[in-house]
Amino acid sequence: MMRTGDFPNRVYMLVRKVPYGKVTTYKAIAKALNTKAYRAVGNALNKNKNIELVKCCKVVKSDGSIGGYSEGTEEKAKRLKKEGIQVKGGKIVDFQKRLLRFNNK
DNA sequence: CAACCGGCCTGGA
DNA sequence: CTCCAGGCCGGTT
C-alpha cells in the first residue's frame with residue numbers, strides 16, 4: 001500500500017467520484033489521500049492521459065480560481081459551465097457550495 | 001540524480 | 001486590509 005505508483009490512480013478515482021455540477025480542489029484530494037502533495041496531484045492530472053475519462057476540469061484551486069488545464073484554462077472554464085457551474089472572472093461562483101469535500105477521509 | 005509541476009501557505013511591502 | 005514574492009512538500013519524468 002501507499003506505493004507511489006498508485007498515487008495518480010487514486011487521484012483519478014477521486015476525481016471521477018465527483019458528482020455532476022460539483023468540483024473539488026487539489027488540496028482536498030491530497031488531504032483525502034492523507035498527503036500534502038498538492039503539486040503531485042496537479043502534476044498527475046496534467047500527465048493524465050485519460051483526460052476525457054477523468055474530469056480534471058472539475059479540480060480547481062483551493063481559493064476557487066481555475067487552476068491550470070492541459071487544454072487551457074478557458075477550456076476548463078467552458079467545461080465547468082457546461083456542468084452547470086458558473087465561472088466568473090476566472091473564478092467559480094459559490095465555489096464553497098460547489099466544492100465537494102471528501103468528507104474527512 | 002536533477003529538474004519540473006495545473007499548488008498552497010506565510011511573510012513582507 | 002490588499003498585492004507580490006519566495007519557500008516548501010511530494011510525486012513524476
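Attention here is on the structure that accompanies the text. Because the structure is predicted, anything quoted here is derived from the model rather than measured. (Residues numbered from 1 in each chain as written. Chains lettered and ligands numbered in written order. Predicted model: local features only at pLDDT ≥ 70, side-chain atom pairs only at ≥ 80, totals over all residues. Heavy atoms only, no water.)

## Here we look at the overall build of chain A
Along the backbone of chain A there are five helices and four strands. In chain A, the succession of α and β elements from N to C terminus is α-β-α-α-β-α-β-β-α. Taking 2.2 N^0.38 as the reference for a compact globule, 105 residues should give roughly 13 Å; the C-alpha atoms of chain A span a radius of gyration of 13 Å, in line with that estimate. In terms of overall dimensions, chain A has a C-alpha envelope of 40 × 30 × 20 Å along the principal axes. Each of the 105 residues in chain A was classed as buried or not, and the buried ones make up 42%. Intrachain contacts of chain A at a sequence separation of at least 6 include 60% that bridge at least 24 residues. When the accessible surface of chain A is summed, it comes to about 6,700 Å², and 48% of that surface belongs to carbon and sulfur atoms. Of the side-chain charges in chain A, 25 are positive and 8 negative, and the distance between the mean point of each set is 8 Å. (Helix = DSSP H or I, 4+ residues; strand = E, 2+ residues; numbered from the N terminus. Rg over C-alpha atoms; globule rule 2.2 N^0.38 Å. Buried < 20%, exposed > 50% of the residue type's maximum accessible area, 1.4 Å probe, protein only. Contact = heavy atoms within 4.5 Å. Areas by Shrake-Rupley, 256 points an atom, 1.4 Å probe, with all protein chains shown as cover. Lys, Arg positive; Asp, Glu negative; His and termini not counted. Charge placed at Lys NZ, Arg CZ, Asp CG, Glu CD.)

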